[in-house]
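Descriptive analysis of the structure
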Amino acid sequence: MSIRRRIVTIVSLFALGAIAVVLWAPTVGSTSISLSRAFDTSIPWEENVDAQIFFVARLPRVLSGAIVGAALAAAGVVLQAMLRNPLATPFTLGVSSGGALGAMLAIALGLDVGIVGVSSIPIASFAGSLVAMGIVYWLASSQKRGLSTNVLLLAGVTLNSFFSALILFVQYMADFTQSFRTVRWLMGDLDVGSYSPIIAAIPFIVAAFAVFAILPRTLNLLTLGEDVAAARGVEVVRAQRLAFLSASLATGAAVSLGGPIGFIGIVVPHLVRLMVGSDHRVVLPAAALFGAAFTVLCDLTARTIMAPLELPVGIITALIGGPFFLWLLVKKS
Amino acid sequence: MLSADHVSFRYAPGGPLVVDDVSVHLAQGALVGILGPNGSGKTTLLRLLSGTRKPSAGQVFLGDQPLARLSRREVARRIAVVPQETELAFEYSAIEIVLMGRHPHLGVFTVEGPEDLRIAREALASTGTDHLAERPFHELSGGEKQRVVIAAALAQSAALLLLDEPTASLDLGYQLEVSTLLQRLNQDHGVTMAISTHDLNLAASICRQLILMRDGRVLAAGPTDEVLTPENVRLLYDVEADVQIHGDTGHLTVVPVRRVPR
């Protein structure tokens, strides 16, 4: 089978799986609905309860899960390849804690106002992500020519704990209700309520994925080391910049939409590599699609397993991801 | 074909000169050995020649064009590099590694086609590793890995090959295999090569010219039998050595005798 054929076949299979999950997930819940009835255009909208539940009540949540999952999984793949570190996650480089701090401040300062239909909390979160990205990028590029991946890692990890301390401080100073909301936000929540937060996040996600699209073969070479990649014709510094900025953008947008949902960015890339190998031309799109399906299914579990109680999706991904991550760590060493 | 014109290099501003005012010339079809003790600047010189580092002073020319003016892609189509060691962060098969050598010939969204596969297979065959094509690279032995990495460099279809201690981690059998392979590539395929090595006998057996480096400077350069003298070995390594012509093979052999003070 030719290489192109293999890429197209595998990615198509993952795409079919992801589409099936996204269509099926909204039919599950307290009221079971029929997919064919939801898509039956001969029934007027006002009378089609199935369509209303599907498109208004449940699809926004499923779509936001798919977008967040795809973005975090793809960002994980890109960062792991660029840092040549299989244990890196989209949250390693401090972007997500910057996003979390932004959201905390918006909640604690009572800045929860709507701006053209979008709450200020995701906007503050996204701004926080960009600030964190800027700091880490500035630190990593001030040292030597280009980007130092070591400084990138260390600065990211340090910034993570620094921002976590600030988050605790903000929570401590906040009143009880606000404090409760911040804790809930940190657990990750895909119940976005309407399409407008999704629409607001989409331009950034699209921009990030447009960069992801040109990266895969370069990522393959970067995993062999900077010098080898350069000798094979890769403009290493440019590629690292693109990888870092696009992955951070995707992470920031995902966190602003669904909160810092952990482990997707590491569990999904590794599962996908186990299935399809390490060629990033397959891994990157397959991980994005698998991440979408995985997150939607985790969220489905979260909202049905203890119904009518809805668990935050972050608890489910962490329950699956934690043990998996440890298994990976043991297997690696 | 490839020449360095008074190049110097330091890794950090204000740091020591690792390469200090070096001029070398690789003519078309040349097979040049670069010898020198640890830290003499061999690897750095190869990096300057391949353009993966830019000289702090001086220029490298590919033909009559300054290397710094060419894009990485353009350079990689004409110069391939075999590093000292290849460490993978993720698992790839041997054929995948070799196909990555096609990178500078492919557009952003182009996928390797039948022609690229043919070139990769041919590269594997000419390094005697075609039977390893589908094996995971990390499971191969040191000698197999090195030959696959050389195959990847060959798949780059470059007229120039720069090798950094290609036999350093190999046992005697593989050393012989790799050196025979390099000689054959040079003679039958006309690949111009520069090889840095600590193995004087390897250099003596396959390299027609030598560049001796110490403390970032060129100590001597020229045809192997003129340059590889006991005096030069002493100046290079602070080692007194016996240099003789070996009966069967007809090339020089170096036997170290004792360490002498600098």
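Computed from a predicted model, the values in this text were never measured in an experiment. (Residues numbered from 1 in each chain as written. Chains lettered and ligands numbered in written order. Predicted model: local features only at pLDDT ≥ 70, side-chain atom pairs only at ≥ 80, totals over all residues.)

Focus on the interface of chain A and chain B
For an interface, size is often stated in terms of accessible area lost upon the parts coming together. With 24 residues of chain A at the contact, the number on the chain B side is 24 residues. Within the residue set of the side of chain A that touches chain B, elements represented by two or more residues are helix H1 (3-24), helix H9 (216-222) and helix H10 (226-231) of chain A. Top element by residues in the side of chain A that touches chain B is H10(A). It accounts for 4 residues. Its residues assigned to classes, the side of chain A that touches chain B shows 10 nonpolar, 6 polar and 8 charged. (Contact = placed C-beta atoms within 7 Å. Helix = DSSP H or I, 4+ residues; strand = E, 2+ residues; numbered from the N terminus. Nonpolar A, V, L, I, M, F, W, Y, C, P; charged D, E, K, R; others polar.)

Some words on the pairing of strand E3 (residues 31-35) of chain B
Residues and elements named next belong to chain B. The element E3 is extensively covered by neighbouring structure, given that 5 of its 5 residues are classed as buried. With burial as the criterion, each face of E3 is covered, one bearing Leu31, Gly33 and Leu35 and the other bearing Val32 and Ile34. Where E3 lies against strand E8 (residues 192-197), 5 bridges are found, and the strand directions are parallel. Each residue of the ladder has a partner; that of Ile34, found in E8, is Ser196. Summarising the sheet, E3 and strand E9 (residues 209-214) pair through 4 bridges and their orientation is parallel. Its bridge partner being in E9, Leu35 is matched across the sheet by Leu212. (Buried ≥ 20, exposed ≤ 12 C-beta atoms within 10 Å, placed from the backbone. Pairing = 2+ DSSP bridges.)

What about the packing of helix H4 (residues 95-108) of chain A against helix H7 (residues 176-187) of chain A?
Residues and elements named next belong to chain A. Contact pair H4 / H7: the axes reach a minimum separation of 9 Å and the direction vectors enclose 155°. For the element pair H4 / H7, the angle class is roughly antiparallel. The two elements H4 and H7 cross, and the hand of that crossing is right-handed. On H7, the residues touching Ala100, Ala103, Met104, Ile107 and Ala108 of H4 are Gln178, Arg181, Thr182, Trp185 and Leu186. The residue makeup of the contact of H4 with H7, split by class, is 7 nonpolar, 2 polar and 1 charged. (Axes fitted to C-alpha atoms, helices over the stretch in contact; angles between N-to-C directions. Parallel < 35°, antiparallel > 145°, perpendicular 65-115°, else oblique. Left-handed = near helix turned anticlockwise from the far one by under 90°.)

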